[in-house]
Amino acid sequence: MGLQQFEQRLERLVEGAFTKAFRSDLQPVEIGRRLTREMDLLRRVGVNGLITPNVFIVELSADDARRFERFSEVLARELADAAREHARIEGYTFVGPVEVELRRSARLRAGRYRVYADFEEGPDGMPAGVLVLSDGTEVVVGSEPVVIGRLPECTIVLGDPNVSRRHAEVARAEDGQGAVVRDLQSTNGTRVNGVPVREQALADGDEVTVGTTVLRFHAG
């Protein structure tokens, strides 16, 4: 299911201006398949179940890197989403935020690529999870609460008039397992999967809506 969704999203992305770039022998879904295969091959037993790599480097030939250059950030973001979805389906967890980097390699011919996968802990060790913004930015939920609001000192600053100065926070649960979202007495409230909440434990894949902004939560 994860790779199917990945492929469908990329099909929409490559319409029009991107179509020519994808006429090379290398198709992005091939990279997605290799990436998830590396996750399966390198998975191992951790304290809380199976853990899998969370940091990936994709080496592309100079030709393919040039073709994909215009939307490399989008491709990296979609690959990271595919990794998270595959982990959700297989019951894997990560030791840190998922990161995908595309690199150019002079050693590779057009159509050839390599995927390197590794484990890399977040700055606070095993995170409670990450919040993913609409542009793909990931904010780790670690030892300190992630505060969302309009004030410059907030962790996630939103220039939305529907958002209060200190609107909501996402923090580790008191028992150290998972994360919770708390509304900080905001004017317009906080919603999880469309339902207004004051305080709510977050599950993997939940959507937190603050004003008009939707943030996706991925469990650590």
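Refer to the preceding data block for the structure.
Residues numbered from 1 in each chain as written. Predicted model: local features only at pLDDT ≥ 70, side-chain atom pairs only at ≥ 80, totals over all residues. Heavy atoms only, no water.

K.L.:
Mind showing me how you'd approach the environment of R77 here?
P.N.:
Note that R77 resides in helix α4 (residues 72-90). With a relative accessible area of 28%, R77 lands in the partly exposed category. On a C-alpha basis, the gap between R77 and E99 in space is 8.4 Å, while along the polypeptide they are 22 residues apart. The residues touching R77, leaving out its near neighbours within four places in the chain, are D135 and G136. (Helix = DSSP H or I, 4+ residues; strand = E, 2+ residues; numbered from the N terminus. Buried < 20%, exposed > 50% of the residue type's maximum accessible area, 1.4 Å probe, protein only. Contact = heavy atoms within 4.5 Å.)

K.L.:
Sorry, what's going on with the sheet that holds strand β9 (residues 156-157) here?
P.N.:
Paired through their backbone hydrogen bonds, the strands of a sheet run either parallel or antiparallel. Spatial ordering of the open sheet is given by β9-β8-β10-β11-β14, a layout of 5 strands whose pairing is mixed. Where the open sheet ends on each side, the last strands, each with one partner, are β9 and β14 (199-202). (Pairing = 2+ DSSP bridges.)

K.L.:
Which parts of the structure should I look at to understand unusual backbone geometry?
P.N.:
One can expect most non-glycine residues to show negative phi and most peptide bonds to be in trans. Residue Q185 is not a glycine yet carries a positive backbone phi of 55°. Take Q185: it is sitting in the loop between β11 (179-183) and β12 (190-192). Unusually for a residue other than glycine, N193 sits at a positive phi of about 55°. Within the secondary structure layout, N193 lies in the loop between β12 and β13 (195-197). Exposure remark for N193: the relative accessible area of 45% places this residue in the partly exposed category.

K.L.:
Explanation requested: the environment of R33 in the structure shown.
P.N.:
Note on placement: R33 falls in helix α2 (residues 28-42). The spatial distance from the C-alpha of R33 to the C-alpha of L79 is 9.7 Å, given a sequence separation of 46 residues.

K.L.:
Looking at this structure, how should I read the environment of E144?
P.N.:
Of note, E144 is situated in the loop between β7 (138-141) and β8 (146-149). For E144, a relative accessible area of 57% puts it in the exposed group. With 11 residues separating them in the primary sequence, E144 and T155 have C-alpha atoms 9.9 Å apart.

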